[in-house]
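For reference, the chains in residue letters:
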Amino acid sequence: MSLKLKIMLIIFSVALIPITIMSLTTSYISTDTLVEKEVNTKVNILSDIANKVYLSLSERQLVGINFMLNGNVQELLSRPIDTSTPGSFEKLRFEIEKMLQNYKYLIGTEGLYLYSMDGSVFTNKPFDSFDVALFIVSPWFQQSLLEQKSYFWGEPTIESGKHVVPLVRVVRKILEPDILGYFISTIRESFLHELYATFVEQEVSDFFIINERGTVISQTNKDNVGKHINEAFPNLKFNGSFHGSTFVDQKDGRYLITYHTDSRNGWTYINCVPWQELYKSARNIQILTYVLSVALIIVCFIIALLFSRGIIHPINSLITRMKRAENGDWDIDVRTNTTGEIGQLEHSFGLMLKALKKSMEEKLTIQRQKRKAELKMLEYQINPHFLYNTMSSIIWLSENNENDAVITIASAISELFRISISKGNEVISIADEIQYVKYYLEILNIRYRNAFDVHYDIDDTVLQGYTIKLILQPLVENAIYHGIKPSASTSIKGAIDIEARLDDDSTVLFTIANTGTPLTEERIDALNQFLREQHADENFGIGIRNVYDRIQLAYGKEFGIRFKASDAQTTVVEVRIPFKTKKEDGDE
């Protein structure tokens, strides 16, 4: 037996025995212990929820006390309406309604109502959402009055299409037993739900809040709100204590019921969990134990394998790194903790790799700088032929005393130089880029005696963006000299349409269309191929290539130029760039 196999068997055997014992012991965890832990946890949580709900609703009780002790409320409810002095009554009514409106946005409150014993109702709602008078004669209301309660919670009802729970404060004369009216605030059931939703959503269970009469005032799925709890669980019986648990058998299975009663308001908080879910937890523990045991066995096997292969691993690692470097992968971590001859070999290989990588990076940097310099030179190049013809036109116009045209051309060419220089910035606003094209076309149209029409359709939103400069003028120049100018001998006047719009929220689409001499489909395909392939055989001019390369260098491969034909007489070139409303870091 080889040494490698002996090491693997020893390590594997030593680890397997305790793992097996642990697995068998853990798999027999008592289900009763799990249930007891579950009950204690849920009862504590129910108690916390009860405190949270009570504290959240305490502010609503304070609102009722404020109204009961308010002098205007006492005065309004204590005296009959005096029709002889309506102003006094209206003033009191205004003050009361103002108080009600001050609590309009109290979180969780749907409506506030002040009911006078003469039948008058004051509310902060734009209209009466329900009949308060009918509300007051309900049995639970009258029973609470017989019990001489100062405030009490009512039965759930519907207000403005929402489940609400009314809180009633009896308004009495200060220091006297006489009842002047009732202050009623309706609390949305959804507000109560939010207070316990986080707990309920963490597990597959149902949650109820019932009042002292057994009516459901809030539930997770709302099916039984307003019904008695025994309609949901016919066999549910509490053992008389304020908290605890019980099992209930339903048609769809057995449920573990945990409950907690808050003696301060008489509400009981109930959590229902299917028994299968609890049993599933026990099964999950067993399965998890088996899975972990298998995982530990696999880990032990791997550790044994690693020990046995520890001697040859450094050599294999070095060979792998050499192959990666041979395939052009220079980003290799050459650090090593290996000592001896193999460690020295790895260290020497790392030094050699760093030197080669540095040399390649320097070469690439020089190439990029050379490419940028070439593109920069082309960017700022002004066609000498265009400049010569423009100056000749200025002289010719001057000799013919066309001074206005001379001023227009001189001003336009001045603006062309201003935008072209743009304080040395590579990026300019799209508004300046469009203006540059307008000045350029203005010069050409004077030179060619209005031989073509120009139409602009520019989205104002696009003008707020920025672009690298001088990307449209070369394409417009191409449309003039290869589209409009060759057709000048015909009787049809040429036209150039320039459009700029947002293709989507993040892309600007420029479209330049001309109705001069059209390009054939073969010519358009060759043009697009010339742009896509750096070393295309056919030369279509350095200006178009310059624009295409600058766009892709600045914005990436998904942006650039595309030629197409919209009809038999129109050639279109599309330019796509990202929509940027500010200069990004790195823009000059």
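The structure we're discussing is the one just above.
Structural notes, computed from the coordinates. (Residues numbered from 1 in each chain as written. Predicted model: local features only at pLDDT ≥ 70, side-chain atom pairs only at ≥ 80, totals over all residues. Heavy atoms only, no water.)

### Some words on the overall build of the protein
For the protein, the helix and strand inventory stands at 17 helices and 18 strands. Burial statistics for the protein: of 588 residues in total, 41% are counted as buried. For the protein, the accessible area works out to roughly 33200 Å², and carbon and sulfur atoms hold 56% of it. (Helix = DSSP H or I, 4+ residues; strand = E, 2+ residues; numbered from the N terminus. Buried < 20%, exposed > 50% of the residue type's maximum accessible area, 1.4 Å probe, protein only. Areas by Shrake-Rupley, 256 points an atom, 1.4 Å probe, with all protein chains shown as cover.)

### A closer look at the pattern of salt bridges
Applying the stated criterion across every chain yields a total of 19 salt bridges. Close ionic contact of Arg 213 with Glu 212 constitutes a salt bridge, the shortest N to O distance being 3.6 Å. A residue is classified by how much of its surface remains accessible, and Arg 213, at 28% relative accessible area, is partly exposed. For the salt bridge of Arg 562 with Glu 574, the shortest nitrogen-to-oxygen distance reads 3.1 Å. Of this pair, Arg 562 sits in strand S17 (residues 560–567) while Glu 574 sits in strand S18 (residues 570–578), and the two are 12 residues apart along the sequence. With a relative accessible area of 9%, Glu 574 lands in the buried category. The structure contains a network of salt bridges with shared partners spanning Glu 110, Lys 125, Glu 159, Lys 162 and Arg 188. (Salt bridge = Lys/Arg side-chain N within 4 Å of Asp/Glu carboxyl O.)

### Remarks on the sheet that holds S17
Reading across from one edge, S13-S15-S16-S18-S17 is the order of the five strands in this open sheet, with mixed pairing throughout. The outermost strands of the open sheet, each flanked by one partner alone, are strand S13 (452–458) and S17. If you compare each strand with its neighbour and ignore which way they point, the axes differ by 20° on average. In terms of strand pairing, strand S15 (residues 494–504) meets strand S16 (residues 507–514) through eight bridges, oriented antiparallel. Counterpart to Ile 496 in the pairing with S16 is Asn 514. (Pairing = 2+ DSSP bridges. Axes fitted to C-alpha atoms, helices over the stretch in contact; angles between N-to-C directions.)

### Digging into the sheet that holds strand S7 (residues 206–210)
A sheet is described by the order of its strands in space; here five strands give the open sequence S8-S7-S11-S10-S9, paired in antiparallel fashion. Of all strands in the sheet, those bounded by a partner on one side alone are strand S8 (216–219) and strand S9 (243–250). The mean angle between the axes of side-by-side strands here comes to 25°, regardless of whether they run parallel or antiparallel. Bridge count between S7 and strand S11 (residues 268–274): five bridges; the pairing is antiparallel. Bridge pairing in S11 places Ile 209 opposite Tyr 269.

### Overview of the pairing of S8
Pairing of S7 with S8 involves three bridges; the strand directions are antiparallel. When the bridges of S8 are listed, Phe 208 appears paired with Gln 219.

### A look at the pairing of S18
With eight of nine residues buried, S18 lies mostly within the body of the structure. Both S16 and S18 contribute to a ladder of eight bridges, which runs antiparallel. If you follow Ala 513 over to S18, its bridge partner there is Val 572. Examined bridge by bridge, S17 and S18 share seven bridges and lie antiparallel to one another. Across the sheet, the residue bridging to Lys 564 is Val 572, located in S18.

### Let's talk about the side chain of Ser 429
Within the secondary structure, Ser 429 is located in strand S12 (residues 427–429). When its relative accessible area of 16% is taken as the criterion, Ser 429 is described as buried.

### Comments concerning the packing of helix H14 (residues 430–447) against helix H15 (residues 473–484)
Interhelical geometry of H14 versus H15 gives an angle of 25° and a closest axis separation of 10 Å. With respect to each other, H14 and H15 are oriented roughly parallel. Considering how the two elements wind past one another, H14 and H15 form a crossing that is right-handed. Contacts from Glu 433, Tyr 436, Val 437, Tyr 440, Leu 441, Leu 444 and Arg 447 in H14 reach Gln 473, Val 476, Glu 477, Ile 480 and Tyr 481 in H15. (Parallel < 35°, antiparallel > 145°, perpendicular 65-115°, else oblique. Left-handed = near helix turned anticlockwise from the far one by under 90°. Contact = heavy atoms within 4.5 Å.)

### A closer look at the side chain of Thr 570
Its place among the elements puts Thr 570 in strand S18. When its relative accessible area of 11% is taken as the criterion, Thr 570 is described as buried. Beyond its immediate chain neighbours, meaning those up to four positions away, Thr 570 contacts Ala 513, Asn 514, Thr 515 and Ala 565.

### Here's the deal with the nonpolar core
Grouped together as the largest cluster of nonpolar side chains are 53 residues, with contacts concentrated most on Leu 441, Ile 471, Phe 510, Ile 551, Ile 561 and Val 575. Per-element tally for this core: the top contributor is H14, with nine residues. With residues up to four places along the chain from it excluded, the contact list for Ile 551 reads Ile 468, Ile 471, Gly 556, Phe 559, Gly 560, Ile 561, Val 575, Arg 576 and Ile 577. Leu 46, Val 53, Leu 167 and Ile 217 belong to the second largest nonpolar core, which has 19 residues in total. (Core = buried A, V, L, I, M, F, W, Y, C linked by side-chain atoms within 4.5 Å.)

### Some remarks on a nonpolar patch on the surface
Together, Val 294, Ile 298, Phe 301, Ile 302 and Leu 306 line one region of the surface with nonpolar side chains, adding up to about 460 Å² of accessible area. Along the chain, the position of Ile 302 falls in helix H9 (residues 275–308). (Patch = residues over 30% accessible without salt bridge, like charges linked within 9 Å, V, L, I, M, F, W, Y side chains within 5 Å.)

### Looking at helix H13 (residues 403–421)
Compared with the 27 Å implied by 1.5 Å per residue over 19 residues, the 27 Å span of H13 between its first and last C-alpha is a close match. One or two residues past the end of H13 sits Ser 422, with phi positive at roughly 45°. (Expected span 1.5 Å × (residues − 1).)

### Focus on helix H17 (residues 542–555)
Taking 1.5 Å per residue, 14 residues should reach 20 Å; H17 reaches 20 Å between its end C-alpha atoms and fits that length. By the criterion of burial, H17 is predominantly enclosed, with 10 of the 14 residues buried. All of the buried residues along H17 are Ile 544, Arg 545, Asn 546, Val 547, Tyr 548, Asp 549, Arg 550, Ile 551, Gln 552 and Tyr 555.

### Overview of the packing of aromatic side chains
In the structure shown here, the tally under the stated rule is 11 aromatic pairs. By the ring-pair criterion, three or more aromatic residues cluster together here, those being Tyr 115, Trp 140, Phe 141, Phe 152 and Tyr 182. Geometry around Tyr 456 places Lys 438 over its ring, the cationic atom sitting 5.0 Å from the centre. Note that Arg 545 overlies the ring of Phe 530, its terminal NZ or CZ placed 4.8 Å from the centroid. (Phe/Tyr/Trp six-rings, centres within 6.5 Å; stacked < 30°, edge-to-face > 60°. Lys NZ or Arg CZ within 6 Å of the ring centre and 35° of its normal.)

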